[in-house]
Amino acid sequence: MKSRIADNLAQLHKRIQQAERRYQRPPGSVQLLAVSKTRPAEDILAAATCGQRHFGENYLQEAVEKITALADLNLCWHFIGPIQSNKTRLIATHFHWVHSVDRLKIARRLSDQRPAHLPPLNICLQVNISDEASKSGLSLSELPEAARQIAGLPNLHLRGLMAIPQRSSHFEQQRHSFRQLHQALQSLNNEGIGLDTLSMGMSTDMEAAIAEGATIVRIGTDIFGPRD
Ligand SMILES: *Cc1c(COP(=O)(O)O)cnc(C)c1O
């Protein structure tokens with residue numbers, strides 16, 4: 001188990017470096033977020049032993065248990081799952097980053113509930129690129145106003161945008177979705193909202209995301225194996 005995770009991480013770092021070179025991205029400009037949802041703390045420890053520092057979790061209850069159990073390791077924890085209002089206090093208390101903020105109300109609560117002794121919570125706004133009614137995320141038309149308001153909240157640091165586009169096995173189709181998110185980031189930056197993070201790309205579309213400017217790729221399966 002441990003050596004499989006080590007092998008997978010080494011393989012993934014190679015893939016990231018190759019994609020950085022191929023798409024003229026500066027070396028080291030793409031950060032690996034290890035998505036550890038549903039995995040036991042031992043798997044996270046195995047990855048941390050290989051130098052992996054950033055971990056992403058979707059389910060609050062299990063995340064808080066693992067964060068507490070592994071507190072000595074000083075890992076950096078990213079919440080990437082859907083957020084209900086009654087969960088914001090625990091998220092604001094335990095996490096360093098939240099990638100899945102999709103409405104002003106949630107952002108206000110996270111800011112209000114961020115403990116005073118902690119630095120501002122890093123935030124990405126989740127954008128619904130494929131515009132499917134079923135998926136969460138701000139629409140591209142809602143994004144500018146939401147970003148302006150959220151950028152002004154005192155205990156948050158608005159860092160960038162996140163998306164989970166519709167699955168496609170076609171590389172050009174994948175790139176098209178990610179390009180839309182990159183363009184949305186650029187137009188916010190043109191308005192003077194200083195964003196530096198594009199959280200996009202998972203195990204099956206990581207290269208396309210890197211080609212279009214991803215700064216954080218969120219990888220679960222290709223590190224820890226398939227989930228049940
Ligand atoms: C589960 C999940 C991932 C990781 O997906 P893999 O296909 O296992 O790499 C990335 N981002 C989000 C938001 C997820 O929920």
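These notes cover the structure that comes with them. (Residues numbered from 1 in each chain as written. Predicted model: local features only at pLDDT ≥ 70, side-chain atom pairs only at ≥ 80, totals over all residues. Heavy atoms only, no water.)

Comments concerning the nonpolar core
With 66 residues, the main nonpolar core has Leu110, Leu125 and Leu161 as its most contacted residues. When sequence neighbours within four positions are dropped, the list of residues in contact with Leu161 reads Cys124, Leu125, Val127, Leu143, Leu181, Ala184, Leu185, Leu188, Thr197, Leu198 and Ser199. In this structure, Val35, Cys76, Ile80 and Met162 belong to the second largest nonpolar core, which totals eight residues. (Core = buried A, V, L, I, M, F, W, Y, C linked by side-chain atoms within 4.5 Å. Buried < 20%, exposed > 50% of the residue type's maximum accessible area, 1.4 Å probe, protein only. Contact = heavy atoms within 4.5 Å.)

A look at the environment of Leu195
Note that Leu195 resides in the loop between helix 7 (171-190) and strand 7 (197-199). Taking the C-alpha atoms as reference points, Leu195 and Pro144, separated by 51 residues in sequence, lie 13 Å from one another. Non-local contacts of Leu195, meaning those with residues more than four positions away in its chain, are made with Leu158, Arg159, Gly160, Leu185, Leu188 and Asn189. (Helix = DSSP H or I, 4+ residues; strand = E, 2+ residues; numbered from the N terminus.)

A short note on the packing of aromatic side chains
For the structure on display, the rule yields three aromatic pairs. Ring plane angle 35° and centroid distance 5.8 Å describe the contact between Phe55 and Trp77, whose orientation is recorded as tilted. Placement of the pair is Phe55 in strand 2 (residues 54-57) and Trp77 in strand 3 (residues 76-79), with a sequence separation of 22 residues. Considered together, Phe55 and Trp77 belong to a single accessibility category, that of buried residues. (Phe/Tyr/Trp six-rings, centres within 6.5 Å; stacked < 30°, edge-to-face > 60°.)

Re the site of the ligand
Lining the immediate environment of the ligand, one finds Val35, Lys37, Asn58, Ile80, Ile164, Met202, Ser203, Arg218, Ile219, Gly220, Thr221 and Arg227. For the ligand, a nitrogen atom lies 2.9 Å from a polar atom in the side chain of Arg218. Gly220 is positioned such that a nitrogen or oxygen atom in its backbone is 2.8 Å from an oxygen atom of the ligand. Coverage of the ligand by the protein chains reaches 93% of its 390 Å² of free accessible surface. (Near = heavy atom within 4 Å. Polar contact = N/O pair within 3.5 Å; in protein donor to acceptor, adjacent residues only side chain to side chain. Areas by Shrake-Rupley, 256 points an atom, 1.4 Å probe, with all protein chains shown as cover.)

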